[in-house]
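Take a look at the letters that make up each chain.
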Amino acid sequence: MKTAARSLIILGVISGLTSGADILPDEVLTATVGGTVTFITSVSPPVTPFVSVAWDFVNTNNVKVNIITSTESNNTAPEYEGRITLLRSNGSLELRNLTLNDSGQYIVSIIPDEQQQQTTGQTTLNVLVPVSSVTVTISGTDLVEFNSFVSLSCSSSGSSLSFLWLNGSSVVTATDRVQLLNLNRTITIVSVSRYDQGPFSCRVSNAVSSGTSEPVKLSISYGADNVGISGPGKLEVEQTLVLFCSAESSPPADYTWTVNGKEMLNHSAVFIKHVTQCSDSGTYVCQARNQLTGRTSLGEHSVSVQACGLSPGAIAGIVIACVLVFGGVLAGGLYFWKNNSSMSPRFGRSNTSAQPQTCKTGQEEVYENDSVIYENTI
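- The name that an unreviewed UniProt entry assigns to the chain is Carcinoembryonic antigen-related cell adhesion molecule 6-like, with the source organism given as Betta splendens.

See the structure below:
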């Protein structure tokens, strides 16, 4: 914040001089400590010098002091030596190096010439200390949502100060939970929530300057709540199952997993089962707990492991076993046929009383022809 070292206040420039008229405006004027103010009358410079110009000051204790009276010579009060300049041409007055004690009422009296009556004017000056050193203090830390209240107090150097609280860029107003006290110097929040973290800042101003504090944030513990689990709902056997648990919590929550009512030893936000089985189907529950607030919340997720009649490995084993069995049966049949052929007659029919040969495949029986004609090999 920067404050102008010098203030120039011009009091009405109105041409002409009317006998008995107020030649200074009525509004209250403001200036800064250490600055300068110029009281300019509404009088036009006369052809001949004024007979008399006098300035008086009435302080806040209603004590009247003559600042300067100018006739043929200037009579200046000691406390104003070196601080004022009188413009004889129109009766205006410049006052420098202002202090708080210069706040009050200023009165000018002018006698234009011996033929005219005295003309006067008056105005009020308010000298202010600029705003500086704006700071915010907090009544407590380790706040818990819904259980705690907190007060923020604003302090500043300066005079005639006004206070305004900001939450981010929004102006803080009084509600059923927010109280503005001590002419807005203090803000109290009851039953704090996670949305009251801020940042809060205090803006202080007066008629000549303004300043804003550094933003402050409140540390509020909340949760755990709004628990959610993300991950697949279906997967095949022997695949990897990965589930993620999340919760709104400050500080971060601790997690516990339960599968089909059985608590697991996993205390991480991530649940991993590398090789799933049919028994891994069911309900997965994640419990989130905030150790500081003592609050817990649950989230559920259903998982279904597919193709649980036979696993791919079991199916492959059955196929291999069938191939081996079929190959063994075929080899045995050929061996039997060769041995029987060596004992059979070379000519003629086979024994008609022989039983038919069958091959059972599990579906139906196939019978071979019961008479075989062997060719002459001679």
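1. Some details on the overall build of the chain
- When helices and strands are tallied, the chain shows 1 helix and 28 strands.
- By the burial criterion, 34% of the 378 residues in the chain qualify as buried.
- Relative to all contacts within the chain whose residues are 6 or more apart in sequence, the contacts with residues 24 or more apart total 61%.
- For the chain, the exposed surface amounts to about 22400 Å²; the carbon and sulfur share of it is 54%.

2. Observations concerning the sheet that holds strand 21 (residues 241-250)
- Read from one edge to the other, the open sheet built from 4 strands follows the order 11-19-21-24, with strand pairing classed as mixed. Each edge of the sheet is formed by a strand with only one pairing partner; in this case those strands are strand 11 (143-144) and strand 24 (270-273).
- Here 5 bridges tie strand 19 (residues 220-230) to strand 21, and the two strands are oriented antiparallel to one another. Bridge assignment links Tyr-222 to a residue of strand 21, and that residue is Ser-250.

3. A word on the confidence of the model for the chain
- Mean pLDDT over the chain: 82, with 76% of residues reaching 70 or higher.
- A low-confidence stretch, residues 341-378 stays under pLDDT 50, and its non-local contacts, those more than four residues away or across chains, total 25 contacts.

Calculation notes
Residues numbered from 1 in each chain as written. Predicted model: local features only at pLDDT ≥ 70, side-chain atom pairs only at ≥ 80, totals over all residues. Heavy atoms only, no water. Helix = DSSP H or I, 4+ residues; strand = E, 2+ residues; numbered from the N terminus. Buried < 20%, exposed > 50% of the residue type's maximum accessible area, 1.4 Å probe, protein only. Contact = heavy atoms within 4.5 Å. Areas by Shrake-Rupley, 256 points an atom, 1.4 Å probe, with all protein chains shown as cover. Pairing = 2+ DSSP bridges. pLDDT = per-residue confidence, 0-100.

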